[in-house]
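Structure at a glance
The chain contents come next:
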Amino acid sequence: MIKAILVFNNHGKPRLIRFYQYFPEDMQQQIIRETFHLVSKRDDNVCNFLEGGSLIGGSDYKLIYRHYATLYFVFCVDSSESELGILDLIQVFVETLDKCFENVCELDLIFHMDKVHYILQEVVMGGMVLETNMNEIVGQVENQSRLEKSEGGLSGAPARAVSAVKNMNLPEIPRNINIGDINIKVPNLSPFV
């Protein structure tokens, strides 16, 4: 099972953090720092697998990582996961990001965090691998983007809600609201301005 997914840059700044096991926030920060120090001090020509740090479970857990340009993609997994399978999963995740953002870079992870999290949720949920077919993942991301565009996006929702309330044209404020068996008495309020 995947316990955590960490993406940070060459300076140790976290760009994507997802824990699938509860850790208090201060412990999460220590895990990120320790993981960065373990991974960043390794040469590029050594194995991409190493035992987990003392904070995240020691020898019972493995850190599997890939270093792309300025970003480290680190998956912390328990002993039941295949190292090569997770390495391939990292490759699928990065290639999917690359397809969705057309040459993904660190700034895409910063400015499109919601989309990055959505892509990650299509690949891994609750620490379990859901999908490894890149075309299927990209298709779901494109469907989600079309849906958001057709609804005017999430950013327009509050404005549409206020507009809908203003356009209700109520002659007066309702005093009693009946919904099935529920009766709600509305107190006297000042008129809408």
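In this report, the structure presented in the accompanying data block is examined. All values reported here derive from a predicted model rather than from experimental measurement. (Residues numbered from 1 in each chain as written. Predicted model: local features only at pLDDT ≥ 70, side-chain atom pairs only at ≥ 80, totals over all residues. Heavy atoms only, no water.)

Looking at the environment of leucine 120
Convention followed: We count a stretch as a helix when DSSP gives it H or I for four or more residues in a row; a strand needs E for two or more, and each element gets its number in order from the N terminus. A simple rule labels every residue: compare its accessible area, found with a 1.4 Å probe on the protein chains alone, to the largest value its type can have, and call it buried under 20%, exposed over 50%, or partly exposed in between. The contact rule is simple, with two residues in contact once any of their heavy atoms fall within 4.5 Å.
Relative to the assigned elements, leucine 120 resides in helix H4 (residues 113-123). The exposure class assigned to leucine 120 is buried, which follows from its relative accessible area of 1%. Sequence-wise, leucine 120 and leucine 97 are 23 residues apart; in three dimensions their C-alpha atoms are separated by 9.2 Å. Apart from residues lying up to four places away in sequence, leucine 120 is in contact with Ile5, Leu16, Arg18, Tyr20 and Phe93.

Things to note about the pattern of salt bridges
Quick reminder of the rule: Note on definitions: salt bridges are taken to be side-chain nitrogens of Lys or Arg within 4 Å of carboxyl oxygens of Asp or Glu.
Taken as a whole, this structure holds two salt bridges when the rule is applied. A salt bridge links arginine 15 to glutamate 106; the shortest N-O distance between them is 2.7 Å. Here glutamate 106 lies in helix H3 (residues 106-111) and arginine 15 lies in strand S2 (residues 14-19), a separation of 91 residues in the sequence. In this pair, the class of arginine 15 matches that of glutamate 106, namely buried. In this structure, the salt-bridge partner of glutamate 83 is lysine 62, at a minimum N-O distance of 3.2 Å. Separated by 21 residues along the polypeptide, glutamate 83 in helix H2 (residues 83-101) and lysine 62 in strand S4 (residues 61-68) bring together distant segments of the chain. For glutamate 83, a relative accessible area of 27% gives the class partly exposed. Its relative accessible area of 14% is what places lysine 62 among the buried residues.

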